[in-house]
Amino acid sequence: MIDSYSRSLSSDALYQYLGATIQLLSGAIFYISMVRMFGTKTVGAIALFVAVLGIFNVVFSFGLGNATQHFTSYNIGKGNFNSVRSTIYKLVFIGFLSGLAGFITLFYVSPFISTVFFHSNAYITLIRILSLILFGNVLLGVLNGALLGVQNFKASGLLNILVWSIYYFGSLIFAFFVRSMGSIVLGWIIGIFLGVGVGAIVVFKSVIKFSGSTTPVTTSLIFSFTVPILLSSIITYGANYIDRLVVAGMIGLTNLGVYNLALMVSSSVNVIVYPFSRILLPKFSELFGRGEQNSINERVRASSLLLVYFYTPIAIGIAALSGPVLNLLGGKIYAFGSFSLSIILFFSAAFITSNILFQAVASIRKTKVFIITSSVALSSNAIVSLALIPIFGIEGAALGLSSVFASTFIILYHFAKKLGLVKFDFVGIIKIWASAGLMYCAITAMKYYSELHNIFAVFSLPLYVLMGMVIYLGGTKLLKVFNRSDKELVRSLIPKKFFKFQNLLDFLI
């Protein structure tokens, strides 16, 4: 029988996937257009803009988005409905102060950033404008966290659609007419602050139903939750970006531009991951609030199997076609990053379940574990990148980033197992990988045969994708990856109004 937890995932997952998909597609169109409109040096500079904005956002968001999700859902699970509104208002106010501090800091350190990382003073003004985007990003993160916390996943998904479509397409339109990085930044500003305005209105309407004005969660409890996340996020961001900084410093912006497109393609597969992360932390936190911590591990098992089932074939399929995909998106010069892309995708698929473990550990407030996890990840990327990039170039960078996936999973798995949160279906995961491996071999063999006889063309990519899907789905069905209870959970992810899709899913699994 499907419980309320499973039933509530149906429409939740749909809207979160829509939001994540729009963010992915609009971002992909934006970056592909940048590749076509500007040279590799400018593309590398845009990548550094994103990196600078990202690290400051990690610092000054202070883990408040996660805190808002957790404490709101926890209070709902405990039945403390009167504390929900006051807790959200308090966290939004803290987010405002933190965003303002980030704005001031980035504004005044912009000359240093421009000189050290861009090797020029020409970027100072643009970096100062980025401080506005940083302020908006921090506020938007808390507001979206509030929507997720009250489990208004529909509003959160629609907000993401609004923000990121305007964020990227607005920048693209401005850049098309003006052809300057300043026009790109202007589009980013419009998208973020429109999202903040709309998000504030929707949050207010969502929390107004929670009556009462009881004492919100104490500041000390908030900080005990967020400080480890803050420290871990800073270290994790460095762990995820140090390979790019080493590439920029050792082998130049041109190589960074090529490597960045490979990273963009690999990160696009994360559209599968984001909805899991956004839904599971509130769900797990509510279970923790109810005192049902022991039931979290069963959710980890089912969620992990589903994530591996959807993520692995897409990642491995793109790895098999990495060269043609990069050639299609950026041109022949970007196909140089195909091996790097394949390395990243294989490792990310192998350790993708760390995303589920992260949400489970955070839901029971053991956030200090993340400091250890991120520290090990940073060390591994730094060591591998510094050792291998001078020798292997961007392939060494890919190995450095891949070490982050492996080390993060190992540490998280160790602690999650000690906390009784781990319950993986290893047999099912092995069957999924066997099917994905067969698909990879078939696509690679067919691609090699076509190239050998000079009959491969870009327009044949859909045929390879279709062939891969048939082989993978046939393999998983033949090997019977899902048992009956798993099938019920998968079916519950599709709303009943899409009954035809449920029938199709029944046939496939």
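All values reported here derive from a predicted model rather than from experimental measurement.

**A short note on the side chain of T367**
When you line up the elements, T367 lands in the loop between α13 (354-363) and α14 (369-392). Ignoring any residue separated from it by four or fewer positions in sequence, one finds T367 in contact with S224, F225, P228, I229 and A362.

**Some remarks on empty space enclosed by the protein**
In total, this model carries two cavities of 30 Å³ or more according to the counting rule given. The calculated volume of the second largest cavity comes to roughly 60 Å³. Lining the second largest cavity we find A47, L48, A51, Y241, R244, L245, L256 and N260. Per element, the largest residue contribution to the lining of the second largest cavity is five residues, and it comes from helix α8 (residues 219-268).

**So, the pattern of salt bridges**
Counted according to the given criterion, the structure contains one salt bridge. Between D425 and R301 there is a salt bridge whose closest N-O contact spans 3.9 Å. Of this pair, D425 sits in the loop between α15 (394-418) and α16 (426-452) while R301 sits in helix α10 (residues 296-320), placing them 124 residues apart in sequence. By relative accessible area, which is 18% here, D425 ends up buried.

**Regarding the confidence of the model for the protein**
Averaged over the protein, the pLDDT score is 81; the fraction of residues at 70 or greater is 89%. Here helix α19 (residues 499-508) stands out as the element of the protein with the lowest mean pLDDT, 57, in contrast to helix α12 (residues 338-350), whose mean of 93 is the highest. Segment residues 1-9: pLDDT under 50, and 18 contacts once partners within four positions in sequence are set aside and those in other chains are kept.

**Some thoughts on the nonpolar core**
M34, F49, I133, W188 and Y311 are the most contacted members of the largest nonpolar core, which totals 142 residues. The biggest single contributor to this core is α8, with 16 residues. Apart from residues no more than four positions distant in its own chain, W188 is found in contact with F30, I46, F49, V50, L130, I133, Y167 and S171.

**Some points on a nonpolar patch on the surface**
On the surface, a nonpolar cluster with roughly 620 Å² of combined accessible area is contributed by F93, F96, L97, L100, I104 and Y108. Here F93 shows up in helix α4 (residues 82-117). The exposure class of F93 is exposed, given its relative accessible area of 52%.

**Thoughts on unusual backbone geometry**
Phi is positive for F62, close to 60°, though the residue is something other than glycine. On the secondary structure map, F62 appears in the loop between α2 (40-61) and α3 (64-78). With a phi close to 55°, K480 is a non-glycine residue in the positive phi region. Among the secondary structure elements, K480 is positioned in the loop between α17 (461-479) and α18 (484-492). In this structure K480 comes out as exposed when scored by relative accessible area, which is 63%.

**What to know about the packing of helix α5 (residues 124-149) against helix α7 (residues 181-207)**
In the contact formed by α5 and α7, the axes pass within 8 Å of each other and the chain directions differ by 25°. Relative to α7, the element α5 lies roughly parallel. Both α5 and α7 take part in a crossing whose hand is left-handed. Split into classes, the residues belonging to the contact of α5 with α7 amount to 21 nonpolar, six polar and no charged.

**Here we look at the side chain of N160**
Its place among the elements puts N160 in helix α6 (residues 153-178). Other than its neighbours up to four places away in sequence, N160 contacts G19, N144, S165 and R278.

**Remarks on the packing of α4 against α5**
Relative to each other, α4 and α5 sit at 160°, their axes nearing to 8 Å. With respect to their mutual orientation, α4 and α5 come out roughly antiparallel. The hand of the α4/α5 crossing is right-handed.

**Topic: helix α11 (residues 322-330)**
When you tally the buried positions in α11, you get seven out of nine residues, the bulk of the element. Along α11, the residues that are buried comprise S322, G323, P324, V325, L326, L329 and G330. Just past α11, the residue G331 takes up positive phi, approximately 110°.

**Regarding the environment of I279**
Within the element layout of this structure, I279 appears in helix α9 (residues 273-289). The spacing of I279 and Q151 is 128 residues in sequence and 8.0 Å in space, taken between C-alpha atoms.

**With respect to the packing of aromatic side chains**
Applying the stated criterion to the full structure yields 23 aromatic pairs. With 4.9 Å between their ring centres and 70° between their planes, W164 and Y167 make a pair best called edge-to-face. Taken together, the residues span about one helical turn, with W164 and Y167 both in helix α6 at a distance of three residues. Judged by relative accessible area, W164 falls into the buried class, the value being 14%. You can call Y167 buried: its relative accessible area is 7%. Aromatic pair F346 and Y440: ring centres 5.2 Å apart, planes at 80°, arrangement edge-to-face.

Reading the values: the criteria
- Residues numbered from 1 in each chain as written.
- Predicted model: local features only at pLDDT ≥ 70, side-chain atom pairs only at ≥ 80, totals over all residues.
- Heavy atoms only, no water.
- Helix = DSSP H or I, 4+ residues; strand = E, 2+ residues; numbered from the N terminus.
- Contact = heavy atoms within 4.5 Å.
- 1 Å grid on protein atoms, 1.4 Å probe; cavity = no way out; pocket = protein on both sides within 12 Å on 5 of 7 lines; lining within 4 Å.
- Points joined across faces, edges and corners; volume = space filled by probe spheres on them.
- Salt bridge = Lys/Arg side-chain N within 4 Å of Asp/Glu carboxyl O.
- Buried < 20%, exposed > 50% of the residue type's maximum accessible area, 1.4 Å probe, protein only.
- pLDDT = per-residue confidence, 0-100.
- Core = buried A, V, L, I, M, F, W, Y, C linked by side-chain atoms within 4.5 Å.
- Patch = residues over 30% accessible without salt bridge, like charges linked within 9 Å, V, L, I, M, F, W, Y side chains within 5 Å.
- Areas by Shrake-Rupley, 256 points an atom, 1.4 Å probe, with all protein chains shown as cover.
- Axes fitted to C-alpha atoms, helices over the stretch in contact; angles between N-to-C directions.
- Parallel < 35°, antiparallel > 145°, perpendicular 65-115°, else oblique.
- Left-handed = near helix turned anticlockwise from the far one by under 90°.
- Nonpolar A, V, L, I, M, F, W, Y, C, P; charged D, E, K, R; others polar.
- Phe/Tyr/Trp six-rings, centres within 6.5 Å; stacked < 30°, edge-to-face > 60°.

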